[in-house]
Amino acid sequence: TTRLLSLVAGVALAAFAGSAQAQIKERNIRVSNGINEDHPVGNGVAKMKACMAEKSGGKLKLQAFWGGALGGDLQATQALRAGTQEMVITSSSPLVGIMPELGVFDLPFLFTDEKEADAVLDGAFGKYIADKLPGFGVVNLAYWENGFRNLTNSKRAVTKAEEMTGLKVRVMQNNIFLDSFKTMGANATPMAFGEVFAALETHAIDGQENPLVTIDTSKLYEVQKYLTLTRHAYTPFLVLYSKKLWDQLSAEEQTILGDCAIVGRDEERKVSRELNDKSLANLKAKGMQVSQVGADELAKMRDSTQAVYQRHQATIGKDTIERIQADLAKLRGK
Ligand code: KDG
């Protein structure tokens, strides 16, 4: 009887495994991003792609499009909502017109370091935000790292806010970034990332702000002379899936995508943090003049931009801001 039982168990297991595989169809999933493949997002996508292939027996394929080939962040996200594209890895910032609460991640000087950002994004607050997204036609599979943002420009070394006065600085299409940079004295203008290099090259704008790995892998050092290490905001990437298309997936396929987005996240964050220092060294080697902002000056920038929190509280949501600030206070042991 034991032999018979183990035979039956074996057959049942094989049948179950077979049926799970049967729940996985051949799919070519298209994902787009606004930066180049040599950005850490490329490492994350490669890891996610291998994970999906391994868990689906090669049936779930991930096809990546770089450099905004399928449109900028906002445009690609609209394609997801329409069900004409499966995935996008996008900044949250250009999406505030779709879901205003996302603006919470654009508040100046909100996060102090990556550890805090990970704890908030991968914890209850990140889930609180992610749970709202399906209502806007997208599903967030994970938070990847865009990173701490720094100012570059072609005009002059900037070591304090006053020196931003008159600088035409591109920011993402987002009123909070516009407000923050206007508050610090810059002449801020919104623009999709794909237009930034050309606008800098023609001096239509003087500067922009992005994490070091983006400034490096997008070769902005070719059109920017001055770098100021402000770390004025930490922006995440959202790994979004079209809800329309997500709902057509089986539970097994959804589980594979969700699990592999986390595998990709850990790789992308690891590479982003490893590359950060190398990118700074490379930017110096490429001739950028790097300015630190003194602690007292940074405190002044923080203080002056605190008013931004109040001005955008109604749009982002008082509850949302208070929730993230409570989580941060807890993390800081206050
Ligand atoms: O797709 C992601 C890019 O658009 C990313 O660079 C967003 O940080 C960003 C920016 O400045 O637009």
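Refer to the structure presented above.
Residue indices follow the written sequence of each chain, beginning from 1 at its first position. Side-chain atom pairs in this predicted model are given and counted only at pLDDT of 80 or more, local residue features only at pLDDT of at least 70, and totals for whole chains, interfaces and linings cover all residues. As a rule here, side-chain values cover all heavy atoms of the structure and leave hydrogens and water aside.

Q: Got a sec to walk through the overall build of the chain? Specific residues and values, please.
A: The way it works is that DSSP assigns letters per residue, a run of H or I at least four long becomes a helix, a run of E at least two long becomes a strand, and they are numbered from the N terminus. Assigned secondary structure in the chain consists of 13 helices and eleven strands. Based on C-alpha atoms, the radius of gyration is set beside the globule rule, defined as 2.2 Å times the residue count to the power 0.38. Here the C-alpha atoms of the chain give a radius of gyration of 22 Å, agreeing with the 20 Å that 2.2 N^0.38 yields for 334 residues. Taking the principal axes of the C-alpha coordinates as reference, the chain spans close to 85 × 40 × 35 Å. Each residue is assigned to one of three classes by its accessible area relative to the maximum for its type, calculated with a 1.4 Å probe on protein chains only: buried under 20%, partly exposed between the two thresholds, exposed over 50%. Counting across all 334 residues of the chain, residues that qualify as buried make up 53%. Residue contacts are defined here by distance: any two heavy atoms, one from each residue, within 4.5 Å place the two residues in contact. The long-range fraction of contacts in the chain, counting pairs at least 24 apart against all pairs at least 6 apart in sequence, stands at 77%. Entry remark: accessible area of the chain is about 14,300 Å², with carbon and sulfur atoms responsible for 55%. The accessible surface values rely on the Shrake-Rupley method and a 1.4 Å probe; as for residues, cover is taken only from the protein chains in view.

Q: Give a description of the nonpolar core that names residues and reports values.
A: Working definition of a nonpolar core: buried Ala, Val, Leu, Ile, Met, Phe, Trp, Tyr and Cys residues. They are joined through side-chain atoms within 4.5 Å. Core analysis: the largest hydrophobic core is formed by 34 residues, its most contacted members being L102, F105, F111, I129 and I324. Among the secondary structure elements, those contributing two or more residues to this core are α3 (73–82), α4 (114–121), α5 (124–130), β4 (138–148), β10 (234–242), α11 (295–311) and α13 (318–331). The biggest single contributor to this core is α5, with four residues. Residue contacts for I129: discarding those within four places in its chain leaves M99, E101, L102, V104, F105, Y143 and T320.

Q: Tell me about the packing of α4 against α13, and please be specific about residues and values.
A: Helix axes are fitted only over the stretch in contact, all axes being lines through C-alpha atoms; the angle between N-to-C directions runs from 0 to 180 degrees. It is the contact of α4 with α13, at a shortest axis distance of 10 Å, that shows an interaxial angle of 125°. Classed by the angle they form, the pair α4 and α13 counts as oblique. In this structure, the crossing between α4 and α13 has a hand that is right-handed. Contacts between α4 and α13 involve E116, A119 and V120 on the former and, on the latter, I324, L328 and L331. Angle categories: roughly parallel below 35 degrees, roughly antiparallel above 145, roughly perpendicular from 65 to 115, and oblique for all the rest. Take the far helix as your reference; a near helix turned counterclockwise from it by less than a right angle gives a left-handed crossing, and one turned clockwise gives a right-handed crossing.

Q: Pulling in residues and values, what's your account of the state of the cysteines?
A: Any two cysteine sulfur atoms within 2.5 Å of one another count as a disulfide. Under the defined criterion, the tally for this structure stands at one disulfide. Between the sulfur atoms of C51 and its disulfide partner C260 the distance amounts to 2.0 Å. Because the sign of the S-S torsion sets the handedness, a value of about -70° for the bond joining C51 and C260 places this disulfide among the left-handed ones. Highlighted residues: C51 in helix α2 (residues 40–55) and C260 in helix α10 (residues 251–285), separated in sequence by 209 residues.

Q: Explain the side chain of E268 residue by residue, including any values.
A: Here E268 shows up in helix α10. His residues and chain termini do not enter the charge count, which takes Lys and Arg as positive and Asp and Glu as negative. A pair is scored as a salt bridge if a Lys or Arg side-chain nitrogen falls within 4 Å of a carboxyl oxygen belonging to Asp or Glu. Buried within the structure, E268 lacks any salt-bridge partner; R269 is the closest side chain of opposite charge, at an N-O distance of 5.7 Å.

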